[in-house]
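# Coordinates in review
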Amino acid sequence: MEFITYEVEGQIGIITINRPKALNALNSAVLDELDKTLDAVDQEAIRCLILTGAGEKSFVAGADIGEMSTLTKAEGEAFGKKGNDVFRKLETFPIPVIAAVNGFALGGGCEISMSCDIRICSENAVFGQPEVGLGITPGFGGTQRLARIVGTGKAKEMIYGARNIKAEEAYRIGLVNNVYPTEELMPAAKKLASTIARNAPIAVRNCKRAINEGLQVDMDQAIVIEEKLFGNCFETYDQKEGMTAFLEKRKVEAFLNK
Ligand code: DAK
């Protein structure tokens, strides 16, 4: 891999987009490597992923404008599909993904962070969808995911005005869960990932599916989705261990993801 590094620390997988010369902008090679990295994640052993960018200046400064500038319509469509497929793979990935946003998260960078389950950021983070200033619309889900996360009014203000926002505003409007000094961002991401990793993995994964899939349908259907995923936890080793531990007034020995 040239542009992605993948490290495993216990039950946590850390994916780093590593193209600092272009502020970690997403070109086709980065998207291909990210796709392959996700395919290679050991879903038995890993309980939470962290996605971040190399360096302290930028998480991802968007799709690669140099590469995009010469695309034909057909190539543009293929590039868009490649990006959308990877972003959707992240969003529906069975394991929770935390975006640790360490600087610029613009265009495709803001969009990839929104494909993750939870966003936290450093104090120097900047979020925005500057696409209309480049003559295009956000194309990796920005119009859809930003409006769902921060509401239509804020999303439209940011998107129509190509207005970047700083970490504090991102926190205020609910785009990120927390803001940290730069040096504390990765420790905080790992702490959050460890907290998630300690819980029963089948239950955590079912919660991810229930929330994501339930938000796409009306409440009657959403409740059915929840019922099925609730039922799916039963007869698992982890459900028995979790409940037995409570009844025996002891700590869970270990959740085994089975
Ligand atoms: N692409 C390519 N290179 C980039 C880049 C980008 N998005 N952002 C930065 N770089 C490169 C710069 O060209 C520069 O390279 P050198 O000149 O050193 O070779 C290097 O990174 C450092 O950048 P700067 O010198 O500009 O650094 P500054 O600190 O002065 O400024 C900045 C940082 C982040 C404010 C600035 O670099 C900037 O404004 N970057 C562009 C941000 C942006 O507009 N991002 C959105 C890109 S549009 C689609 C789906 C999705 C998309 C498109 C189509 N389809 C469905 C078809 C997505 C579009 C986008 O993401």
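Look up a bit, the structure's there.
Residues numbered from 1 in each chain as written. Predicted model: local features only at pLDDT ≥ 70, side-chain atom pairs only at ≥ 80, totals over all residues. Heavy atoms only, no water.

## With respect to the packing of aromatic side chains
Inclusion rule: Any Phe, Tyr or Trp ring, taking Trp's six-membered ring, that has another such ring centre within 6.5 Å forms a pair; planes under 30 degrees apart are called stacked, those over 60 apart edge-to-face, and the others tilted. Going along the chain from the N terminus, every DSSP run of H or I of four or more residues is numbered as a helix, and every run of E of two or more is numbered as a strand. Each residue gets one of three labels from its accessible area relative to the maximum for its type: buried under 20%, exposed over 50%, partly exposed in between, using a 1.4 Å probe on protein chains only. Comment: the charge-over-ring label is applied if NZ (Lys) or CZ (Arg) is within 6 Å of the ring centre and within 35 degrees of the ring normal.
Under the defined criterion, the tally for this structure stands at 3 aromatic pairs. Between the aromatic rings of Phe-87 and Phe-140, the centroid separation amounts to 4.9 Å while the plane-to-plane angle is 55 degrees, which identifies the pairing as tilted. Linking Phe-87 in helix α3 (residues 73-91) with Phe-140 in the loop between β8 (126-128) and α5 (142-150), this pair joins segments that are 53 residues apart in sequence. You'll find Phe-87 and Phe-140 in the same group, each marked buried. Note on Phe-230 and Phe-234: the rings are 5.1 Å apart at their centroids and 65 degrees apart in plane angle, and the pair reads as edge-to-face. One aromatic cluster is present, built from ring pairs that chain together Phe-79, Phe-87 and Phe-140. In this structure, Arg-19 packs its charged tip against the face of Phe-3, placed 5.7 Å from the ring centre.

## Some details on the side chain of Ser-122
Using the following cut-off: Whenever a nitrogen or oxygen atom comes within 3.5 Å of another N or O atom, the pair is scored as a polar contact, on the condition that within protein one atom can donate a hydrogen and the other can accept it, and that pairs from neighbouring residues in sequence are kept only if both atoms are in side chains. Here, residues are in contact when the closest pair of their heavy atoms is within 4.5 Å.
Mapped onto the secondary structure, Ser-122 falls in strand β7 (residues 118-122). Classification of Ser-122 by relative accessible area gives buried; the value is 0%. In this structure the side chain of Ser-122 is engaged in a polar contact, spanning 3.5 Å, whose partner is the backbone nitrogen of Gly-103. Other than its neighbours up to four places away in sequence, Ser-122 contacts Val-101, Asn-102, Gly-103, Ala-167, Val-179, Tyr-180, Thr-182 and Leu-185.

## Structural notes on the pairing of strand β1 (residues 4-9)
Cut-off, in case you're wondering: Strand pairing is defined by DSSP finding a minimum of two bridges between the two strands.
Alignment of β1 against strand β2 (residues 12-17), held across 6 bridges, turns out to be antiparallel. Opposite Val-8, over in β2, you have Gly-13 as the bridge partner. Between β1 and β2, which pair antiparallel one after the other, the connecting turn spans 2 residues, and Gly-10 there sits at a positive phi close to 65 degrees.

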